[in-house]
Amino acid sequence: AQSVAQPEDQVNVAEGNPLTVKCTYSVSGNPYLFWYVQYPNRGLQFLLKYITGDNLVKGSYGFEAEFNKSQTSFHLKKPSALVSDSALYFCAVRAPRSGGYNKLIFGAGTRLAVHP
Amino acid sequence: AAGVIQSPRHLIKEKRETATLKCYPIPRHDTVYWYQQGPGQDPQFLISFYEKMQSDKGSIPDRFSAQQFSDYHSELNMSSLELGDSALYFCASSLRDRSSGELFFGEGSRLTVL
């Protein structure tokens, strides 16, 4: 069965510093990996995805993520954090060969707090 | 650009009552997904529909049912509500055969059961 693990409940970082939000996955075959962000009482907003190709994926708002097959990881990164980046971040995986349906399995989420 | 529309945004019900949530997908999207997010929890997949047929089923209670209509909108019906049903319910839509794979989420419907 496919699963996603986000080992940190919360990540604290000072504004201007680089940030990393960790994600590891377990899935048979080559995974489709996603990051979503959720602001309070709001829906999930798509940030970026890895399907195939370059292991470094760039997404919205200056975020990027690195796919590492050997470590089964897909960590979210940003070179310089902003206070406005403070939100809940979810990593998600979709199994390949799922019949074209895009059901995603989400991790538990990591709360990012960026301090001025 | 048009997004996924969910209604109502907030709903308060008593135990044992029924509730209906509606979802209008992005135009031309043929697949709809329902997720439930409890307080401090990750979104849990409930059910999905493709071309008005159920395409997948997750952890949806038997008290819940859903369907997709000819105009592709979907409704989630919840009966005999329990306190534990209080959650944020998300609808998402996508194109089935689009290889990119991301889901587009609505803003959610917050159900409070008293």
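Computed from a predicted model, the values in this text were never measured in an experiment.

1. Points about the state of the cysteines
Inference 1: Applying the stated rule across the entire model yields 2 disulfides over all chains.
Inference 2: Here Cys23 of chain A is linked by a disulfide to Cys91 of chain A, with a sulfur-sulfur distance of 2.0 Å. Disulfide Cys23 of chain A to Cys91 of chain A: torsion about the S-S bond roughly -65°, handedness left-handed. Separated by 68 residues along the polypeptide, Cys23 of chain A in the loop between strand 3 (19-21) and strand 4 (24-26) and Cys91 of chain A in strand 10 (residues 87-94) bring together distant segments of the chain.
Inference 3: Judged by its relative accessible area of 0%, Cys23 of chain A is buried.
Inference 4: With its sulfur 1.7 Å from that of its partner, Cys23 of chain B forms a disulfide with Cys91 of chain B. On the sign convention where negative means left-handed, the S-S torsion of about -60° between Cys23 of chain B and Cys91 of chain B marks this disulfide as left-handed. Within this pair, whereas Cys23 of chain B is found in strand 3 (residues 19-24), its partner Cys91 of chain B is found in strand 9 (residues 87-94), the two being separated by 68 residues in sequence. Accessibility assignment for this pair places Cys23 of chain B and Cys91 of chain B in one class, buried.

2. Quick word on the sheet that holds strand 8 (residues 74-78) of chain B
Residues and elements named next belong to chain B.
Inference 1: With respect to topology, 4 strands assemble into an open sheet ordered 1-3-8-7, the strand pairing being antiparallel. Because the sheet does not close on itself, it has two edges, and the strands there are strand 1 (5-7) and strand 7 (64-68). Shown here is a sheet whose adjacent strand axes are inclined to one another by a mean of 15°, direction ignored.

3. Side note on unusual backbone geometry
Residues and elements named next belong to chain B.
Inference 1: The linkage connecting Ser7 with the following residue, Pro8, adopts the cis geometry, with an omega of -10°.
Inference 2: Located in the positive-phi region is Arg16, a residue other than glycine, with phi close to 75°.
Inference 3: Topologically, Arg16 is positioned in the loop between strand 2 (10-13) and strand 3.
Inference 4: Of the residues examined, Arg16 reaches a relative accessible area of 66% and is grouped as exposed.
Inference 5: Non-glycine residue Lys52 carries a positive phi angle of around 70°.
Inference 6: Assignment of secondary structure puts Lys52 in the loop between strand 5 (44-50) and strand 6 (53-57).

Cut-offs applied
Residues numbered from 1 in each chain as written. Chains lettered and ligands numbered in written order. Predicted model: local features only at pLDDT ≥ 70, side-chain atom pairs only at ≥ 80, totals over all residues. Heavy atoms only, no water. Disulfide = S-S within 2.5 Å. Helix = DSSP H or I, 4+ residues; strand = E, 2+ residues; numbered from the N terminus. Buried < 20%, exposed > 50% of the residue type's maximum accessible area, 1.4 Å probe, protein only. Pairing = 2+ DSSP bridges. Axes fitted to C-alpha atoms, helices over the stretch in contact; angles between N-to-C directions.

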